[in-house]
Amino acid sequence: MFLLHPTMFALQHIGMKCRVACCSLVYRKSLELSKAAQGKTTVGQIINIMGNDVIRFDTNLLFLSYLFIGPIQLAIFAYFLYDEVGPSGMAGVGFVVFLIPIEYWIGKQFTKNRFNIAQRTDERGRVMNEIIIAMRVIKMYAWEKPFSTMVDKIRKFEVKSLKKLAFLRAMYLSLYISSSRLVTYCVFIAYILTNHPLTADKVFFILTIFSTVRQVMISYFPTAAAAIGELFVSMNRIETFLLLEDQDQSANTHFKIGPAVQTEKETVASILMNDAEAKWNKDKIALQNFSLDLRGDQLVMVVGSVGSGKTSLLHALLGELPVTGGTCTVNGRTAYASQEAWIFGGNVRQNILFGNEFEESRYNEVVKVCALEDDFKQLPHGDSTIVGERGVALSGGQKARVNLARGLYQKADIYLMDDPLSAVDSRVSRHIFEQCMKAHLTGYLRILCTHQLQYLPQADHILVLDEGKIKCQGTYQHLVDEGIDFISLMSTDSVDGLERKSSVVKPEEVPKEKKQDEKKPEAQAEKMAGGSVTWGTYWEYLKGSESYFGIFMLFIAFLSSQLAFVLADLWLSRWTSAEERRMNKNVTSSGTTTTTTENSFRFFGNENEYYDGNDNHFDSDSMSRHTWIPKDDDVDYMGEDIYLYVYTGIVVAIFVLTKFRAIYFFMFCIKISINVHNKMFVSLVRAPMKFFDDNPSGRVMNRFTKDIGAMDELLPYAFFDAITIFLLMISMVILIIVSNYYMSIPTGILIIGLFAMRQYFIKTARDVKRIEAISRSPIFTHVAASSQGLVTIRSAKRQSILSEQFDGHQDLHSSTWYTFISANRWFGIWLEVMSVVYLCVVTLSFLILSTVTSYKSSDVGLAISSALSLTGIFQWGMRQSAETENLMTSVERAMEYAKLEPEAALESKPDKKPPKGWPSTGEIQFKDYYLAYEEKDVVKGLNFTIRGKEKIGIVGRTGAGKSSIIAGLFRMTEPRGDLFIDGVRVNDIGLHDLRSNISIIPQDPVLFSGTMRYNLDPFDQFKDDELWGVINEVKLKEAVPALDVKVSDGGNNFSVGERQLVCLARAILRKNRIIVMDEATANVDPTTDNFIQNTIRTKFSDCTIITIAHRLNSIIDCDKVLVLDNGFLKEYDHPHRLLQYPDGHLSSMVKHTGKSSEAALRKIAADTYSGRRASFAQKDDELLQLDKLI
């Protein structure tokens, strides 16, 4: 007692340290993965390793010592058995040895299935992570059903292995439980067949010995072997991940980093590339024949079509992209602002500082040049506002500028900026270029990749890239003198390699508050249930099977098998009692006068001697088998054969019933787990977008990995133990009290004491377990966020800071886990103490009370052996019941997600269903239209009408409410007021009826892993010819050689332009009357922009088109322009009419584009208004010329 629990605690503590160490290694490895290695793993796999694989260290080291203890203990007890019952005892030992390889084989199958389950859980985790991140697009496309089908298919594949594992576990447990009677049955048979009477002293000695041997050799020993096997599977998976290729700059011999040259006046940074060649992988060249010499105070602008190599150049200069030929030398410290705005879940200031010390003057200057001052005034807590995971509290432009500010705040000699101007409007773009690129960064070497060609004349040096090569370079004037046409140079639709990581941002309109809240902002905490796990939770869990008959059968299975065990004990007691009475009768009839009483304990003597009441003894050999076989006048004795056959029947019944009970229970639990997961996922995809904005992906993934994993594997085992032991405890207590009714008092005291102890323990353990579950979520969220911003992290050399933060999250989780295992061991020790005291009371009671009343020796043996078993069973049962309640917190958490408040119904009510062919014209009418986030209105009282087939442009500065109108149109957030489409009030119809009839081309072109066919047509609605038709229309034939071509995680094997063209293809396929373009071309080059715009203008000429744009040239020829400011409609008319107001909002925006651009914009608006040119027609030379200016 005082050795076992400290040893177990030490093993669990060691296991915890191993888990923490492995998690730390895995995270640090994830920060060092090369680009090639990143393609071989996913965030979902990393989370699964940390959520499931490393947990094996916590649980699987517990039984390790029994691999050595078991055989030694078996040898010692085998000697005792031989000494007591002779060779007959070896029959039981032999049967135990026979069972060991069977249990070991089952353990090996555990290992095999554990590996399969881990792989399939990886796949589910990867898909779930992808779905959670892309949920906004999935809802806009009304694709919930196909994704639910895909997850269901993956889950079924996972469940096949889970069922095999459950079946094996059921076989293992049932074999262990039934072996308590099978092993002793073998000994009894052998003992009887060797002409020995079955007396109480022998029976209960055998029962007690094999109770211990069976527990160690049939349970702990093979469990240890299987556990070590599972541990090796997990370790191999961890090892495979750790052996992935590192991003090792020292091995990149063609790439060198040195310090900037220090002169008396200044520090001169330089970049020198000589015939450099770089590859993402062995097959695809990203850069080739690259030669350039850049140094000192220069603004270098890099332009080129999508996939021309702009991002690849910056990654090569950062050491992210391996340079495989020539030389590349970077002298100076580098800072990097990525094209994809990476925002982690802290406040705005933390995102900008990124681990650097706060210097007020430098910080304020960076905020000013990034045009963030006004935004800070509007945010509820200024720069202390919590932005949430992926910056959900910020709009797209705000995220882009915070991302740029982070790069500028770094102290560096070279600043690398990947298209930071595309996600902001023209006024902010000009402010950033003039105040930041030109003024703030004067004196530094800065490289700006951009599609904003209007700034090229102000560049010191220009690089024009095409297909990974430098097409031309020099000053703007030099290139113009050479006759370079920048637009024509950017007409190539090349691809930037299979592993190109180029992404864009999605503007999110958020509520604005002019007055900042004085309270300190806090991130939204994860909800935690309080109090005990109610019986209602258990009932909800059982009802998850969706079968009341199944619950009834479960009750019958447990009850019948337990009755069989009780019957076996009672029958054995009766048999031994009858044998002893027969022996006493035979002794009396042989002429020996006896004064034997039934409570004489002298039968518990030597194997070969029996004593009568007068201390006379006789040799057992003299009692041949025939002397104790009953005669005809022995009415109370049924006969040896009858006793044996009945006992055999009971043992067979036990074997069959325990098998049925275990298999049925585990399959029943798997069915519950399947149903709960399905309900969780359906509830998740039906949840409104606010849920995903409030809950980080790591928090959601925690429920779908760790909590579902607990329900799949851990809970059934603990629950089965708890129910089985509870029934066993009841039966044993009844047997003890029947044997000695005086024992009802200490037994009642024991039960009350144990349950009081359990309640005292469970209050702490349950809440600690809940805190432990919640403290895991930040770990997963941190891993997911780090993976998304890996290039930014490595460029800023912040791996150590992120690792420290990860260790902090781990320390918090480890502290709760350490508290939990400490409380568990404390509980175990006290249970042992109480059980041992009870055993002493039971034993002494028979000795003390034997002078008052008489007992049968069989009853004494039954009571003491039951009490001895009860001491172990009581404490194990209490611990397993506590563990069950702790694991039920996972059910509680899963059920919480199964009951999320859904958004509106997907399908319309019959009386509200829109007519067939709706919408036919595409007229949209807003009446007193409001939209609020967190009870703050962001769109305020809009009243306007879009006529059918009109082309509408929506403009306004960042945070004006542009994307909120689109969110309301799709009912991503339920608006107030009325919105009509072709006279149908959309507030009343089903979401799928609405969303499936509106096409959107989002700014963030989301692709899903799978095939191109699945990305275009997840419902399988279209024929191959139709799919090939749209692929050809959007010029993707070269990039898509087959419809079943693989799309990698996030579509990273396609360039950003190609991903945008896939979104265009989706819109063409849907053939809807309303098209929404949400900044769809903000992050593509003008050529791709022109192609997308022209395709929309020709393919959708008969449709209503709503365009949100920062580039005024994209909307200047629209039928009408809607100007928003702080959620209010400021202007709505034809652009020409709006430009007649010098102080108007649109006029102000046009002025900020520059004089030449303003003149061109006004002319196009006037021509469109007068009818000299068609509205929103295919771009002509005049618009293309304007693209050069804007």
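In the block above lies the structure referred to throughout.
The structure presented is a predicted model; accordingly, all values stated were derived computationally and were not measured. Per chain, the residues get numbers from 1 upward, laid out in the order the sequence is written. Totals for whole chains, interfaces and linings use every residue, but because this is a predicted model, local features are given only for residues with pLDDT of at least 70 and side-chain atom pairs only at 80 or more, for both listing and counting. Based on all heavy atoms of the structure, the side-chain values leave hydrogens and waters out of the count.

Asker: Quick question: what am I supposed to make of the overall build of the chain here?
Answerer: For the purposes of this entry, the term helix denotes a DSSP run of H or I that reaches at least four residues, the term strand denotes a run of E that reaches at least two, and both are numbered from the N terminus. Along the backbone of the chain there are 36 helices and 26 strands. Residues counted as buried form 60% of the 1190 residues belonging to the chain. The contact criterion used is simple: two residues touch if any of their non-hydrogen atoms lie within 4.5 Å. Of all intrachain contacts in the chain linking residues separated by at least 6 positions in sequence, the fraction that spans at least 24 positions is 82%. All accessibility values rest on the Shrake-Rupley procedure with a 1.4 Å probe; residue burial counts only the protein chains present in the view. When the accessible surface of the chain is totalled, it reaches about 46,200 Å², and 57% of it is carbon and sulfur. For the exposure calls, accessible area comes from a 1.4 Å probe over protein chains only, and a residue counts as buried if that area is under 20% of its type's maximum, exposed if over 50%, partly exposed in between.

Asker: Looking at this structure, I do not really get unusual backbone geometry. What am I missing?
Answerer: Most of the time, phi is negative for any residue but glycine, and the peptide bond is trans. The linkage connecting tryptophan 918 with the following residue, proline 919, adopts the cis geometry, with an omega of -10 degrees. Secondary-structure assignment places proline 919 in the loop between α26 (857–898) and β15 (924–933). Despite not being glycine, lysine 797 shows a phi value in the positive range, around 55 degrees. Mapped onto the fold, lysine 797 is located in the loop between α24 (790–795) and α25 (799–849). When its relative accessible area of 52% is taken as the criterion, lysine 797 is described as exposed. The phi torsion at arginine 971 lies on the positive side, around 55 degrees, for a residue other than glycine. Summarising the element assignment, arginine 971 is placed in the loop between α27 (962–969) and β18 (976–981).

Asker: When you look at the sheet that holds strand β6 (residues 298–304) in this model, what are you seeing that I'm missing?
Answerer: Paired through backbone hydrogen bonds, the strands of a sheet run either parallel or antiparallel to each other. The pairing criterion is simple: DSSP has to find at least two bridges between the two strands. Here we have six strands laid out as an open sheet, ordered β8-β9-β10-β6-β11-β12, and mixed in their pairing. Bordering the open sheet on either side are β8 (334–337) and β12 (469–474), each of which pairs with just one other strand. Strand-to-strand twist in this sheet, taken as the mean axis angle between neighbours without regard to direction, amounts to 15 degrees. Taken together, the five bridges between β6 and strand β10 (residues 445–449) define a ladder with parallel strand orientation. Every angle, taken between N-to-C directions, lies between 0 and 180 degrees, and every axis is a line fitted to C-alpha atoms, over only the stretch in contact when it is a helix.

Asker: Looking at this structure, I do not really get the pattern of salt bridges. What am I missing?
Answerer: Whenever Lys or Arg places a side-chain nitrogen within 4 Å of a carboxyl oxygen from Asp or Glu, that contact is recorded as a salt bridge. By the definition in use, this model includes 44 salt bridges. Arginine 430 is the salt-bridge partner of glutamate 434, the closest N and O atoms lying 3.8 Å from each other. Highlighted residues: glutamate 434 and arginine 430, both in helix α15 (residues 426–440), separated by four residues, approximately one helical turn. Aspartate 694 is the salt-bridge partner of lysine 690, the closest N and O atoms lying 2.5 Å from each other. Within this pair, lysine 690 and its partner aspartate 694 are both found in helix α21 (residues 689–694), separated by four residues, close to a single helical turn. What emerges from the salt-bridge pattern is a single network uniting Lys139, Glu144, Arg686, Glu903 and Arg995.

Asker: Looking at this model, I keep getting lost on the environment of asparagine 1072. Mind explaining?
Answerer: Here asparagine 1072 shows up in the loop between α31 (1056–1070) and β23 (1074–1078). You can call asparagine 1072 buried: its relative accessible area is 7%. Along the chain, asparagine 1072 and cysteine 1103 lie 31 residues apart, while their C-alpha atoms are 7.6 Å from each other. What asparagine 1072 contacts, discounting residues up to four positions off in sequence, is Ser996, Asn997, Ile998, Ser999 and Cys1103. In this structure the side chain of asparagine 1072 is engaged in a polar contact, spanning 2.9 Å, whose partner is the side chain of serine 999. Each polar contact in these results corresponds to two N or O atoms within 3.5 Å; when the atoms are within protein, one needs to be able to donate a hydrogen and the other to accept it, and residues that are neighboring in sequence are counted only if both atoms are side-chain atoms.

Asker: Is there a simple way to explain the packing of helix α8 (residues 144–193) against helix α20 (residues 640–686) in this structure?
Answerer: Two numbers describe a pair of packed helices, the interaxial angle and the distance between the axes. Running from N to C, α8 and α20 cross one another at 165 degrees; their axes reach a closest spacing of 8 Å. One way to sum up the angle between α8 and α20 is to call them roughly antiparallel. Of the two elements, α8 crosses α20, and the hand of that crossing is right-handed. Counted by class, the contact of α8 with α20 contains 29 nonpolar, nine polar and nine charged residues. We call two directions roughly parallel when the angle between them is under 35 degrees, roughly antiparallel when it is over 145, roughly perpendicular when it lies between 65 and 115, and oblique otherwise. Note on convention: near helix rotated counterclockwise from far helix by under a right angle means a left-handed crossing. Clockwise means right-handed. Here the term charged refers only to Asp, Glu, Lys and Arg, the term nonpolar to Ala, Val, Leu, Ile, Met, Phe, Trp, Tyr, Cys and Pro, and the term polar to all other amino acids, Gly among them.

Asker: Would you mind showing me how to read the pairing of strand β26 (residues 1128–1133) here?
Answerer: A regular strand places its side chains so that they alternate between the two faces of the sheet. In this sheet, β26 lies alongside strand β25 (residues 1120–1125) in antiparallel orientation, the contact comprising five bridges. Within β26, the position partnered with valine 1121 by the bridge is aspartate 1133. The antiparallel pairing of β25 with β26 creates a hairpin that spans two residues between the two strands, and asparagine 1126 there sits at a positive phi of about 55 degrees.

Asker: Mind showing me how you'd approach the side chain of threonine 385 here?
Answerer: Within the element layout of this structure, threonine 385 appears in the loop between α13 (373–378) and α14 (396–409). Residue threonine 385 is classed as buried on the basis of its relative accessible area of 5%. At 2.8 Å, the side chain of threonine 385 forms a polar contact with the backbone oxygen of glycine 382.

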